Amino acid sequence: MSYIALLTTGGTIASSRDENGISRPGPGALGLDVASEVKVRHLMSKDSSTFDFSDMGRIADAVAEALVDEACQGVVVLHGTDTMEESALLVDLFHDDPRPVVFTGAQRTSDHDAPDGPVNVAAATELVLDDTNRGRGVLVVFGGRALPARGLSKWHTTDLDAFISSAEPRVVVPRVDLTGVRVDIVALYPGADAVAIEAFVAAGTDGIILEATGSGNTNAQIVDAVKNCGVPVVVTTRVPVGPIEPTYGGGGGGADLVDAGAVFSPLLRAGQARVMLAVQIASGRS
Ligand SMILES: NC(=O)C[C@H](N)C(=O)O
């Protein structure tokens, strides 16, 4: 009999609040009425902000393992919203199977008066069962919308419609292990200097994501630090929406960053640009 594989990882959807109102993921009931054609596998019970590359790799492995069975129609992954964009992208990069993989979660805990988790899970399972979603890669179903994982970012801390997506074209790459890869994100702002870049290089970073201002701009000190850092540098922006382009000069513009050796991420924001660069670094090693 065919079925949907449901992988749980924790997050608010699996959380309840203690007497002080603090939310913590628990191993117990998700408050869901899962249909009999759903096979649940509890992977972990963590807040997604605590995830590292090995946790994300475990999720990618579990998705691949679930899809080994031909009777599995697709996979739903329950995941915290804080880093869903990173895990969903990692799974999407390796997902070369037409069956849908859908991430979802919740903004409200399962003990909330009006939890959003059950509706999101129902929407995610419906999406897996709809054949028109075959071949679309990894999707995120949340707050009434289905978005591609590629280009996803969390745009609202509490709204039930928590994500936006810039829908980059999909490219699938061979699976790699990210263990031991270190990619750091440097936030840029007026007056930023080389200290963070130099500290990450001293700590042994393999690559740096610059979360630049505007369409991908900064100042001459950062451009100099990029020129001298000796590791790959990818430029993204702190602006939530819009293309990232090297269209400015003047010493600290995006065009100067490119001249200094940086590469632009046309749409991905920092979290996903970091996963993408880590996969590229790991692929170069294997
Ligand atoms: N809404 C959520 O799921 C947030 C939670 N901190 C998590 O990412 O695990």
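The coordinates are above.
Residues numbered from 1 in each chain as written. Predicted model: local features only at pLDDT ≥ 70, side-chain atom pairs only at ≥ 80, totals over all residues. Heavy atoms only, no water.

K.L.:
What exactly am I supposed to notice about the nonpolar core here?
P.N.:
Proteins that are soluble and globular tend to have nonpolar side chains buried together. One finds Ile 59, Val 63, Val 75, Val 101 and Phe 103 to be the most contacted residues of the largest nonpolar core, which totals 50 residues. Where this core is concerned, the elements lending two or more residues are strand E1 (3-10), strand E4 (38-46), helix H1 (53-67), strand E5 (72-78), helix H2 (84-94), strand E6 (101-104), strand E7 (138-142) and helix H7 (270-285). Per-element accounting of this core gives the leading share, nine residues, to H7. Both domains that meet at this core, namely domain 1 (3-165) and domain 2 (183-285), each give it at least three residues. In this view, Val 63 contacts Leu 7, Val 75, Val 77, Val 91 and Val 101; residues no more than four positions away in its chain are not counted. Core analysis: the next-biggest nonpolar cluster, separate from the first, contains 21 residues, Ile 208, Ile 222, Val 233 and Leu 257 among them. (Core = buried A, V, L, I, M, F, W, Y, C linked by side-chain atoms within 4.5 Å. Buried < 20%, exposed > 50% of the residue type's maximum accessible area, 1.4 Å probe, protein only. Helix = DSSP H or I, 4+ residues; strand = E, 2+ residues; numbered from the N terminus. Domains from an automatic or database assignment. Contact = heavy atoms within 4.5 Å.)

K.L.:
In this structure, what is going on with the pattern of salt bridges? I would like to understand it.
P.N.:
Pairing between side chains becomes possible if they bear opposite charge and their charged atoms approach one another. Tallied over the entire structure, the rule returns 13 salt bridges. For Asp 55, the salt bridge goes to Lys 46, with nearest N and O atoms at 2.9 Å. Take Asp 55: its relative accessible area is 5%, and that puts it in the buried class. Of the charged contacts in the structure, one is a salt bridge between Arg 182 and Asp 184, with a shortest N-O distance of 2.8 Å. A residue is classified by how much of its surface remains accessible, and Asp 184, at 9% relative accessible area, is buried. The network of salt bridges with shared partners includes Asp 92, Arg 150 and Arg 170. (Salt bridge = Lys/Arg side-chain N within 4 Å of Asp/Glu carboxyl O.)

K.L.:
Please clarify how the site of the ligand should be interpreted in this entry.
P.N.:
The local shell around the ligand consists of Gly 11, Thr 12, Asp 47, Ser 48, Gly 80, Thr 81, Asp 82, Ala 106 and Gln 107. At 2.7 Å from a nitrogen atom of the ligand is found a side-chain nitrogen or oxygen belonging to Thr 81. Interatomic distance of 2.8 Å between a backbone N/O atom of Ala 106 and a nitrogen atom of the ligand. Considering only residue class, the shell around the ligand consists of one nonpolar, six polar and two charged. (Near = heavy atom within 4 Å. Polar contact = N/O pair within 3.5 Å; in protein donor to acceptor, adjacent residues only side chain to side chain. Nonpolar A, V, L, I, M, F, W, Y, C, P; charged D, E, K, R; others polar.)

K.L.:
Any chance you could explain the sheet that holds strand E13 (residues 233-237) here in plain terms?
P.N.:
Strand pairing in a sheet relies on backbone hydrogen bonds. The paired strands run either parallel or antiparallel. In space, the four strands of this open sheet follow the order E11-E12-E13-E14, with parallel pairing throughout. Looking at the sheet topology across the chains shown, the edges are occupied by strand E11 (183-187) and strand E14 (263-264). Of the pairings in the sheet, the one linking E11 to strand E12 (residues 207-212) comprises five bridges and is parallel in character. In the strand pairing of E12, Val 186 is matched with Leu 210. Against the sheet, helix H4 (residues 195-202) makes contact with E11 and E12, and its axis sits at roughly 170° relative to E11, the strand it touches most. (Pairing = 2+ DSSP bridges. Axes fitted to C-alpha atoms, helices over the stretch in contact; angles between N-to-C directions.)

K.L.:
I would appreciate a short explanation of the sheet that holds E4 in the present structure.
P.N.:
Spatial strand order, E4-E1-E5-E6-E7-E8: six strands in an open sheet with mixed pairing. With one partner strand each, in any of the chains shown, E4 and strand E8 (145-148) form the two edges of the open sheet. Strand-to-strand twist of the sheet, defined as the mean angle between neighbouring strand axes without regard to direction, takes the value 25°. Both E5 and E6 contribute to a ladder of four bridges, which runs parallel. Within E6, the residue paired with Val 75 across the bridge is Val 101. Helix-sheet contacts for H1 involve E1, E4, E5 and E6, and the interaxial angle to E4 is about 170°. Docked against the sheet, helix H3 (residues 117-129) engages E1, E5, E6, E7 and E8, running at close to 155° with respect to E5.

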